[in-house]
Amino acid sequence: MLTRRDHRSGTLFDPWADLGPQRRKLLERSWAGIFREYLLNHLPVNDLAAGFRDDFGRPSKDLAVALGALILQQLHDLTDQQTTEAIALNMAWHYALDIHHESDAYLCERTLRNYRRRILASGLEETLFRTLTDRLIQEVGVDTAKQRLDSTTVKSAIRGLTRLGILVEAVSKFLRELKRKQLDRYAQVDPEIVRKYVERRGDGCFADTRPSESRRRLTEAARDVYELVELFRPTSAATLESFQLLERIFQEQCEVTNNQDSPIEIRPPQKENCDGVISPADPDARYNKHRGTGYQVQLMETYAEDDGAEQDDSQPRKPDLITHVAVHPLTQHDQDALEPAIEETTKRGIKPSELLADSHYGSNESLSKGKSLGVEVVSPSMPAKGTRQGKLTLEDFELDDEGRVLRCPTGQAPKETSVADVRLQVVFDPVICASCPRKNDCPAAAIGRRERRWQYTRDRLRQRARRLGDADEAFRQRYRWRAGIEATMSRLKHQMGMAKLRVRGMAKVTYVAMLRALGLNIQRVAAYRAAIG
């Protein structure tokens, strides 16, 4: 039975009247006061109420208390047990959630899991973040015209596995689920496979594999996986999620050949899919050569240009609030997150007019797309290819207004230039170039080419203009405010506990990322209100 209490109307007697003025003041200025005053009455309880009936069943917990408790759990990075104790015993939690009834002052761990499961099933975490963040922006009066965007990596609760470990854990996961759900099918499995992968006792278990034996044992595990896939593919066991994962991992790691002596072979590392499974415990997690394993979290926040000069204490600077959160696989490029971020903030009426981002978001296409959406994307261009190796690039040549090369870096004028709709071309005298000290670094000196000829596109001309503009002092002064988002990333990962999460899976990581970002916004607003008194 649905329970929704009225938190808008006051009570005849103030339940907090026994607190002294100093303690009451501390509560009102803390995160608890911010949550109670700004957010409690704006929780989307109607979206959660769809799963309950008004006239049947055991009374539910107050939906506002349940939703609020899950938000505060992420704000403080608590386990379910710690959250249960905080709801029962912590005065600040009682004040934030406006708890007056004894039945609302206790939520067991199972109740927390059930409500969290309902939120995950309905995708309510996005509604919570957007609705409540917009409320904070409105209450505090934060200017959203200037924002900055960046990404970071978070790791779910998985351990690193070798290719052998991935196969072994995938088999073990499938056999355990098969035993729970289809015991008659489980009886068809070879007892030797059950011993090695489920019981893991006796000789031949993979945990005892030495590094020198890993290649041989990997082939052995691949044959076992192939045997299980072929045995259960025509049966109802093929509908199990763990079987589909097992089959997917086999296709990623192994291949079937026509060789009768070795029908199953391990794919060489060069043929592995970069979007493959790295842990059966979390099939959504991915590997990135530069970032490691886990998930990519995109964050966009407001900012104000503040040099740290002394200000009037009565008017402290407004807080920087996170306006957009999105979780993606680590294999997705940053620039693919730019357009969704702008569109999502546009729908909520908090679109920036100026957006700072690093060079991963700064392709010509991304800047053009931002302009078409009414946002000026301020981002440096990626370094030209060959710059780090000391090669000459188009930025080193002198060009006229049409993009024609006038002189090379050593002062040599070209022999011939031409302009077309798509490409421009320059030709140098090979006799003069043969004695040039930088002939090996010149882009016109392609191997196997008789002429000293070089072609470049108009898009490359635009990149050159951007790269030269990036060195201007005006651009550097404008772009330097982007670095402030690194502090937000650090605080989320190390103070809010997002560097290593206790959950697995894209849905749960998204849930945590959304509510942790909301929690950080609450803390920043609380710090701002404490500063203004």
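What counts, and where the lines are drawn
Residues numbered from 1 in each chain as written. Predicted model: local features only at pLDDT ≥ 70, side-chain atom pairs only at ≥ 80, totals over all residues. Heavy atoms only, no water. Salt bridge = Lys/Arg side-chain N within 4 Å of Asp/Glu carboxyl O. Helix = DSSP H or I, 4+ residues; strand = E, 2+ residues; numbered from the N terminus. Buried < 20%, exposed > 50% of the residue type's maximum accessible area, 1.4 Å probe, protein only. Patch = residues over 30% accessible without salt bridge, like charges linked within 9 Å, V, L, I, M, F, W, Y side chains within 5 Å. Areas by Shrake-Rupley, 256 points an atom, 1.4 Å probe, with all protein chains shown as cover. Lys, Arg positive; Asp, Glu negative; His and termini not counted. Charge placed at Lys NZ, Arg CZ, Asp CG, Glu CD. Phe/Tyr/Trp six-rings, centres within 6.5 Å; stacked < 30°, edge-to-face > 60°. Lys NZ or Arg CZ within 6 Å of the ring centre and 35° of its normal.

## Regarding the pattern of salt bridges
- All told, the structure shown has 43 salt bridges when counted by the stated rule.
- Here Glu252 makes a salt bridge to Arg248, at a shortest N to O gap of 3.0 Å. Of this pair, Glu252 and Arg248 both sit in helix H13 (residues 241-253), four residues apart, which is roughly one turn of the helix.
- For Glu252, a relative accessible area of 14% corresponds to the buried category.
- By relative accessible area, Arg248 is classed as partly exposed at 30%.
- In this structure, Arg460 engages Glu395 in a salt bridge whose closest nitrogen and oxygen atoms are separated by 2.9 Å. Of this pair, Arg460 sits in helix H17 (residues 458-470) while Glu395 sits in the loop between strand E8 (376-378) and strand E9 (398-399), placing them 65 residues apart in sequence.

## Focus on a positive patch on the surface
- A cluster of basic residues, Arg110, Arg113, Arg117, Arg504 and Lys508, forms a positive patch at the surface.
- Here the positive patch gets three residues from one element, more than from any other, and that element is helix H7 (residues 109-122).
- Given a relative accessible area of 36%, Arg113 falls into the partly exposed group.

## A word on the packing of aromatic side chains
- With the rule as written, the count across this model stands at ten aromatic pairs.
- Between Trp16 and Tyr95, the aromatic rings sit 5.3 Å apart at their centres with planes inclined by 75 degrees, giving edge-to-face as the arrangement. Of the two residues, Trp16 is situated in the segment before helix H1 (21-29) and Tyr95 in helix H6 (residues 91-97); the sequence distance between them amounts to 79 residues.
- What makes Trp16 buried here is its relative accessible area of 9%.
- For Tyr95, a relative accessible area of 6% corresponds to the buried category.
- For the pair Phe475 and Tyr479, a centre-to-centre distance of 5.6 Å together with 10 degrees between the ring planes defines the contact as stacked. Taken together, the residues span about one helical turn, with Phe475 and Tyr479 both in helix H18 (residues 473-479) at a distance of four residues. For the pair Phe475 and Tyr479, a shared accessibility class is recorded, and that class is buried.
- Directly above the ring of Phe52 sits Arg118, whose terminal nitrogen or CZ lies 4.4 Å from the centroid.

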